[in-house]
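One letter stands for each residue in the lines below.
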Amino acid sequence: MTGGRNLVLSIGRLYCDLVFRGLEALPRLGEERFAKDVSVVPGGGGFITAAHLASLGERAALLARIGTDPLSEVIAPALQQSGVDLRWLERAPDAGPQPTVVMVQAGERAFLSRRAGKARPTTLEAALADAEARHLHIAEFATLAESPELVSLAKLAGLTVSLDPSWDDALIHDPDLVLRSTGTDIFLPNASEARAIAGCEDLDQAGRRLARHFPVVVIKDGAAGARLFQREQSLNLPAPQGGPVLDTTGAGDAFNAGFIAAWIAGRPPSQALAEGIACGTLSVQGVGGAGMRLARGRVADISKTLLEEHGRIDA
């Protein structure tokens with residue numbers, strides 16, 4: 001696509017994240033634990049990916065619904081300051097409250113969330129019809145399961161599509177998940193999701209199985225980096241070691257932003273993978289999924305170092 005089509009649409013539920021840090025242990029039933037710190041920030045993969053795209057200098061718009069309740073009002077200022085295009089954000093009483101309690105301990109997280117109302121905003125068709133829209137990112141399979149026509153609508157509008165399945169106990173083992181995701185150009189599971197969807201423990205085997213159905217498959221593996229599968233070729237890059245880790249919430253969504261930005265810009269697959277890893281690496285240095293604004297220069301430096309140290313294989 002050429003011309004003015006440079007807008008990425010990102011769709012997914014919008015949450016109010018209550019992030020508790022400084023826990024010695026997670027609470028068990030009947031226990032009360034106290035955190036050293038708490039932050040209240042916007043959350044949800046759709047917003048986090050859009051916010052990181054915006055911080056990278058890309059044009060990104062959020063397709064989501066937000067409530068009129070007090071928790072929704074709390075995150076409104078941060079949404080406005082994120083740099084994300086909010087013209088298609090639908091406000092409705094039934095869209096909230098939609099909180100997520102995030103408990104961070106030793107770099108790992110536990111989540112407790114509530115969904116409210118439907119995920120699909122009434123503004124969807126108008127957003128897809130925008131002459132500048134180029135790509136649709138679907139932040140969770142649950143949103144696609146609720147609105148199964150999402151991919152086909154985007155394709156009819158001439159957009160490419162990416163999908164992060166995002167772990168959902170009720171859906172991740174759906175035998176039709178891959179079939180219901182038909183038409184997706186970039187499939188972006190993490191390691192646990194890839195194993196569950198592909199039905200095997202070996203990540204390379206899982207990637208090859210998924211690559212039979214999607215043109216590009218990228219498996220995110222946390223501190224181990226990420227793997228890309230495209231046609232008959234694959235690439236594995238590790239993540240940089242030794243950096244500070246404050247909160248890993250949304251690291252996968254930050255990776256998505258870096259990879260999508262590089263991919264739609266036409267950069268080689270190896271560079272797109274490296275830039276995704278760089279974004280995920282930087283994101284854990286802030287609190288909340290979009291707490292660390294990604295500097296394009298810093299992303300470029302990290303990705304360049306990764307490719308120099310580990311070689312590049314362009315699939």
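Our subject is the structure listed above.
The notes below deal with the structure included here.

**A word on the pattern of salt bridges**
- A complete count under the given rule lists 22 salt bridges for this structure.
- The partner of R65 in a salt bridge is E90, and the shortest N-O contact between them spans 3.3 Å. Here R65, found in strand β4 (residues 59-66), pairs with E90, found in strand β5 (residues 89-91); they are 25 residues apart in sequence, far enough to count as distant.
- You can call R65 buried: its relative accessible area is 5%.
- The exposure class of E90 is buried, given its relative accessible area of 13%.
- With its nearest N and O atoms 2.9 Å apart, the salt bridge here joins D168 to R115. Residue D168 is found in the loop between β9 (160-163) and α6 (177-180), and its partner R115 is found in the loop between β7 (108-113) and α3 (124-128); the two are separated by 53 residues along the sequence.
- Take D168: its relative accessible area is 13%, and that puts it in the buried class.
- According to the relative accessible area criterion, R115 is partly exposed, its value standing at 42%.

**Quick word on the nonpolar core**
- In terms of nonpolar packing, the biggest core is built from 47 residues, with V218, F259 and L273 touching the most fellow members.
- Here this core gets eight residues from one element, more than from any other, and that element is helix α9 (residues 251-264).
- Once residues lying within four places of it in the same chain are set aside, the contact partners of F259 are I186, L188, V216, V218, L228, P269, A272, L273 and G276.
- I11, L144, I197 and A206 belong to the second largest nonpolar core, which has 40 residues in total.

**Section: the sheet that holds strand β3 (residues 37-43)**
- Spatial strand order, β3-β2-β6-β7: four strands in an open sheet with mixed pairing. Every interior strand has two partners, whereas the edge strands, β3 and β7, have only one. With direction set aside, neighbouring strand axes in the sheet form an average angle of 20°.
- Of the strand pairs in this sheet, strand β2 (residues 15-21) and strand β6 (residues 99-105) are connected by five bridges, and their pairing is parallel. Note that in β6 the partner of V19 across the bridge is V102.

**Re the environment of Y15**
- Along the chain, the position of Y15 falls in strand β2.
- Linking Y15 and R115, residues 100 residues apart in sequence, is a C-alpha distance of 8.4 Å.
- Filtering out sequence-adjacent residues up to four positions away, Y15 remains in contact with V41, P42, G43, G44, I75, Q98, P99, T100, S113, R114 and R115.

Calculation notes
One numbering rule holds for all chains: residues counted from 1, following each sequence as written. Two thresholds apply to this predicted model, a pLDDT of at least 70 for residue-level local features and 80 or more for giving and counting side-chain atom pairs, whereas whole-chain, interface and lining totals are computed over all residues. Side-chain numbers here rest on the full set of heavy atoms in the structure, without hydrogens or water. A pair is scored as a salt bridge if a Lys or Arg side-chain nitrogen falls within 4 Å of a carboxyl oxygen belonging to Asp or Glu. We count a stretch as a helix when DSSP gives it H or I for four or more residues in a row; a strand needs E for two or more, and each element gets its number in order from the N terminus. The buried label applies to any residue whose accessible area, calculated with a 1.4 Å probe on protein chains only, is under 20% of its type's maximum; exposed applies above 50%, and partly exposed to all values in between. What we call a nonpolar core is a set of buried Ala, Val, Leu, Ile, Met, Phe, Trp, Tyr and Cys residues that are connected through their side-chain atoms within 4.5 Å. Contacts: residue pairs with any heavy atoms within 4.5 Å of one another. In short, DSSP must find at least two bridges between two strands for them to pair. Helix axes are fitted to C-alpha atoms over the stretch in contact, other axes to C-alpha atoms as well, and angles between N-to-C directions run from 0 to 180 degrees.

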